[in-house]
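Listed here are the chains, written in short residue letters.
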Amino acid sequence: MSAAAVEHPCDGEPPTLLEEANRLMELLPGHRVEIIGGILTVTPSPDSAHARALTKLMRPFMLAGLDGGGTEVLQGVGLWLPDGPEDYAIPDLAVVDADIDEHLIRNNCYDPTVFRLVVEVTSSNYRNDLRNKVIAYAQAKVPVYVIVDRKHTRIHVLTNPLTSEYDSHEVYAPGQQIALPASIGAEVKLDAAELLKAGAPRRSDDVSG
C-alpha cells in the first residue's frame, strides 16, 4: 500500500489518523500499519516462519482453482472497514472477487463486499487478530475469517458474521483436517498440523539432511 506525503495548509493543524498511518508507513517500511476500531496499530515485519505459513496456506487455494476465473488469492491487500471514517485492515491473505479493482474505496483499500475469505497468521500482536479483527471483519460482513494462531497452536475458523461477532467459531488442533465453506468458491481443505508446523521457527535438525 503506497503512502502519500502528509501536507497541511494551516500550520499547527493536526494530521488525520489516516495521514498519520501513511506517515508511519513511510517511516517504517516493511511494517503493517492499520486503523481498527479507531486505533492505529503497527505490526513489525513478519518472521520467516510467518511467511512460510502463508506459502503453505496459499497452495490449497491455488490447487482448488481459486486464483483464476471469478476469484483471486491475494496477499496484503487493504480492506476498508465500515466501523469508522478512516478504518482499514490489511489481512495476510484473502480470497476476493476477480473484479476487485473496480471496488477501490480509498487509500488502496477495497470494498469488503468483494472479500470472500480473509486469513491472519498471528505475530507478536496476536491479541489483535484474535479479538479486534474478529469484531472488525464481522462488522464488515466478511463471510469467512481464518486465524492461524501460532501462539496457542490452534486454527480458528469463523463464519456467519453478525453485528460485531461471528455466529460460528470452530477451533482446530494439530491432527485435524479443516473443511472450509464451499461458499468461498471451491472446496478447500486445510491440514492444521501442516500449517502450524510451517508457522513455527525451524530448528537446525528440521532443515538438515
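Thresholds, definitions, all that
- Residues numbered from 1 in each chain as written.
- Predicted model: local features only at pLDDT ≥ 70, side-chain atom pairs only at ≥ 80, totals over all residues.
- Heavy atoms only, no water.
- Helix = DSSP H or I, 4+ residues; strand = E, 2+ residues; numbered from the N terminus.
- Rg over C-alpha atoms; globule rule 2.2 N^0.38 Å.
- Buried < 20%, exposed > 50% of the residue type's maximum accessible area, 1.4 Å probe, protein only.
- Contact = heavy atoms within 4.5 Å.
- Expected span 1.5 Å × (residues − 1).
- Bend = angle between axes of the 7 residues up to and from the residue.

**Considerations on the overall build of the chain**
The helix and strand inventory of the chain stands at five helices and 14 strands. Taken over C-alpha atoms, the radius of gyration comes to 18 Å for the chain, in line with the 17 Å a tight globule of 209 residues would show. Over its C-alpha atoms, taken along the principal directions, the chain stretches across nearly 60 × 40 × 30 Å. For the chain, the proportion of its 209 residues judged to be buried stands at 44%. Residue pairs at least 24 apart in sequence account for 51% of intrachain contacts in the chain once pairs closer than 6 positions are excluded.

**What to know about helix α3 (residues 126-139)**
With 14 residues, α3 extends 20 Å from end C-alpha to end C-alpha; this agrees with the ideal 20 Å at 1.5 Å per step. A bend of about 45° at K133 is the largest found in α3. Turning to α3, its buried residues are Y126, N128, D129, K133, V134, A136, Y137 and A138. Immediately downstream of α3, the backbone of K141 shows phi near 65°, a positive value.

**Examining helix α2 (residues 48-63)**
For α2, with 16 residues, the first-to-last C-alpha span of 23 Å sits near the 22 Å given by 1.5 Å per residue. Its buried side turned inward, α2 meets β3 (71-75), β6 (93-97), β9 (115-121), β10 (144-149), β14 (189-191) and α4 (192-198). Positive phi appears at G65, one or two residues downstream of α2, with a value of about 85°.

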